[in-house]
Amino acid sequence: MAYSEKVLDHYENPRNVGAFDKDDQTVGTGMVGAPACGDVMKLQIKVGADGRIEDAKFKTYGCGSAIASSSLVTEWVKGKTLDQALEIKNTNIAEELALPPVKIHCSILAEDAIKAAVTDYKKKHDHPAGSSENAAAATAQA
Amino acid sequence: MSTDFSQDFFALFGLTPNFHLDPLALETAYHDLQTRVHPDKFAHLPDADKRVSMQWATRINEAYRTLKSPLARAQYLLHLRGVDTATESNTTMPSEFLIEQMEWREAVDEARVAEDADELEKLLLRLKHQYAAAIEEIERDLDKSHDYPAAAAAVRRLMFVEKLQHDLLDAIESLES
């Protein structure tokens, strides 16, 4: 199958490959998998003191479209608040990468990975005894 | 033929709709049916009859392929029971399972890069145990406890194991060539 130029670009030069320490309190980790193709995706966000995502990393075992989708979203989430990151939809990803219908599940995987990473981060900060900023994050989730 | 197209694949072969299946019974029923609908037998009949025989032959082949593969058989049984395995849309696998899958992929990648054929064979052997365990679980869920959601989850896990097995065999083959 022919990949679009944007998919090839992300596939050949993936952005932000790597990992953060998953136990770091400023890090949120999302792990998702697509049974249909056996793809596994790990996406991590590092949240700054201002509540914005300052960095993101990913590791994906899967096809070119899955790698490109995760590479793209790590670029997109940087500088966003958690709520803004949650607004990224798989259709945005599929459109940007010009994914064919059979590869839409790769973009769904990337969207679910961000959601899982944000949920993981919020869970870490969901303590009533946390700092005011953490309490705000907990309220936002509730 | 007295049978109709709305029959499920198990009924078509006269088999009990269980996950556990006698491979020999399937082979026998398949060859028996195949002989009965062979196009040669319909060569002297009108085109309409020939078309029906072709449709039967296609359906019998599809039924055979579905029931022969444990994964396809499990998915088909769940489909008959009205359970969607959601293999396209369900991405929330248990996190321990996904972490383990990541580790598997990393191990396979490392062994492939290092061209370590022994390590690849060892991984394949370990994976075969996982495969067998998944099959056992599916059989328990489908035939004994009738816990279909649990069976669907086990089917999704088995799909990852099959993909890994495929990648491992590819890696081993590329080292041998």
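This structure is a prediction, so every number in the text was calculated from the model and none was measured.

Thresholds, definitions, all that
Residues numbered from 1 in each chain as written. Chains lettered and ligands numbered in written order. Predicted model: local features only at pLDDT ≥ 70, side-chain atom pairs only at ≥ 80, totals over all residues. Heavy atoms only, no water. Helix = DSSP H or I, 4+ residues; strand = E, 2+ residues; numbered from the N terminus. Buried < 20%, exposed > 50% of the residue type's maximum accessible area, 1.4 Å probe, protein only. Contact = heavy atoms within 4.5 Å. UniProt positions renumbered as here; feature names shortened; annotations may be inferred. Pairing = 2+ DSSP bridges. Axes fitted to C-alpha atoms, helices over the stretch in contact; angles between N-to-C directions. Salt bridge = Lys/Arg side-chain N within 4 Å of Asp/Glu carboxyl O. Phe/Tyr/Trp six-rings, centres within 6.5 Å; stacked < 30°, edge-to-face > 60°. Domains from an automatic or database assignment. Core = buried A, V, L, I, M, F, W, Y, C linked by side-chain atoms within 4.5 Å. Disulfide = S-S within 2.5 Å. Buried area = accessible area lost by both parts, 1.4 Å probe.

(A) Local environment of the overall build of chain A. Counting its secondary structure elements, chain A contains six helices and three strands. Secondary structure elements of chain A, listed N to C terminal, follow the sequence α-β-β-β-α-α-α-α-α. The buried share of chain A, taken over its 142 residues, is 48%. For chain A, the share of sequence-separated contacts (at least 6 apart) that also reach a separation of at least 24 residues comes to 60%.

(B) Structural detail: the UniProt feature "domain: NIF system FeS cluster assembly NifU N-terminal" (unreviewed entry) in chain A. The UniProt record annotates "domain: NIF system FeS cluster assembly NifU N-terminal" (unreviewed entry) at residues 2-125 of chain A. As a span, residues 2-125 of chain A carries 45% helix and 21% strand, and end to end its C-alpha atoms are 43 Å apart.

(C) Examining the sheet that holds strand β3 (residues 53-61) of chain A more closely. Residue and element names in this part refer to chain A. Pairing in this open sheet of three strands is antiparallel, and the strands run β1-β2-β3 from one edge to the other. Every interior strand has two partners, whereas the edge strands, β1 (27-34) and β3, have only one. For this sheet, the mean angle separating the axes of adjacent strands, direction not counted, is 15°. Pairing between β1 and strand β2 (residues 39-47): eight bridges, direction antiparallel.

(D) Summary view of the pattern of salt bridges. Enumeration over the complete set of coordinates arrives at 14 salt bridges over all chains. Of the charged contacts in the structure, one is a salt bridge between D23(A) and K22(A), with a shortest N-O distance of 3.7 Å. Accessibility expressed as a relative area gives 55% for D23(A), which makes it exposed. According to the relative accessible area criterion, K22(A) is partly exposed, its value standing at 48%. K68(B) is the partner of E27(B) in a salt bridge, and the nearest nitrogen-oxygen pair spans 3.5 Å. Of this pair, E27(B) sits in helix α2 (residues 23-36) while K68(B) sits in helix α3 (residues 47-68), placing them 41 residues apart in sequence.

(E) Region of interest: the packing of aromatic side chains. All names here are of chain B. Evaluation of the coordinates by the stated rule reveals five aromatic pairs over all chains. A ring pair is formed by F13 and Y30, whose centres lie 6.4 Å apart and whose planes are at 90°; its orientation type is edge-to-face. Here Y30 lies in helix α2 and F13 lies in the loop between α1 (9-12) and α2, a separation of 17 residues in the sequence. Owing to a relative accessible area of 9%, Y30 belongs among the buried residues under this scheme. Judged by centre distance (5.5 Å) and plane angle (75°), the rings of F97 and F160 are edge-to-face. With F97 in helix α5 (residues 95-113) and F160 in helix α7 (residues 148-176), the pair connects residues that are 63 residues apart, well separated along the chain. Each of the two residues, F97 as well as F160, counts as buried.

(F) Focus on the domain arrangement of chain B. Looking at chain B, the domain boundaries give domain 1 (9-68) and domain 2 (95-176). Each of domain 1 of chain B and domain 2 of chain B has a C-alpha centre, and the two are 32 Å apart.

(G) Focus on the nonpolar core. In terms of nonpolar packing, the biggest core is built from 46 residues, with F13(B), I60(B), L67(B), I138(B) and L142(B) touching the most fellow members. Of all elements in the fold, only α1, α2, α3, α4 (70-80), α5, α6 (117-144) and α7 of chain B reach the threshold of two or more residues within this core. Of all the elements, α7(B) adds the most residues to this core, at 12 residues. Counting contributing residues per domain, this core is built from domain 1 (9-68) and domain 2 (95-176) of chain B, each supplying no fewer than three. Apart from residues lying up to four places away in sequence, I60(B) is in contact with L12(B), F13(B), Y30(B), L33(B) and V37(B). Among the nonpolar cores identified, the runner-up in size contains 30 residues, and I45(A), A56(A), L109(A) and A113(A) belong to it.

(H) Here's a closer look at the UniProt feature "coiled-coil region" (unreviewed entry) in chain B. The sites that carry the UniProt feature "coiled-coil region" (unreviewed entry) are, in the present numbering, residues 110-137 of chain B. Here residues 110-137 of chain B runs as 89% helix and 0% strand, with 30 Å between its end C-alpha atoms.

(I) Structural detail: the state of the cysteines. Enumeration over the complete set of coordinates arrives at zero disulfides over all chains. For C63(A), which is in no disulfide, the shortest distance to another cysteine sulfur is to C106(A) and amounts to 3.7 Å.

(J) Highlighting the interface of chain A and chain B. At the interface, 17 residues of chain A touch 16 residues of chain B. When chain A packs against chain B, close to 1500 Å² is buried across both sides, 69% of that on carbon and sulfur atoms. Contact with chain B buries surface across chain A, with M31(A), P35(A) and Y61(A) losing the most and accounting together for 42% of the total. Summed over the shared surface of chain A and chain B, the number is one salt bridge. Between K59(A) and E106(B) there is a salt bridge, and its shortest N-O distance comes to 3.0 Å.

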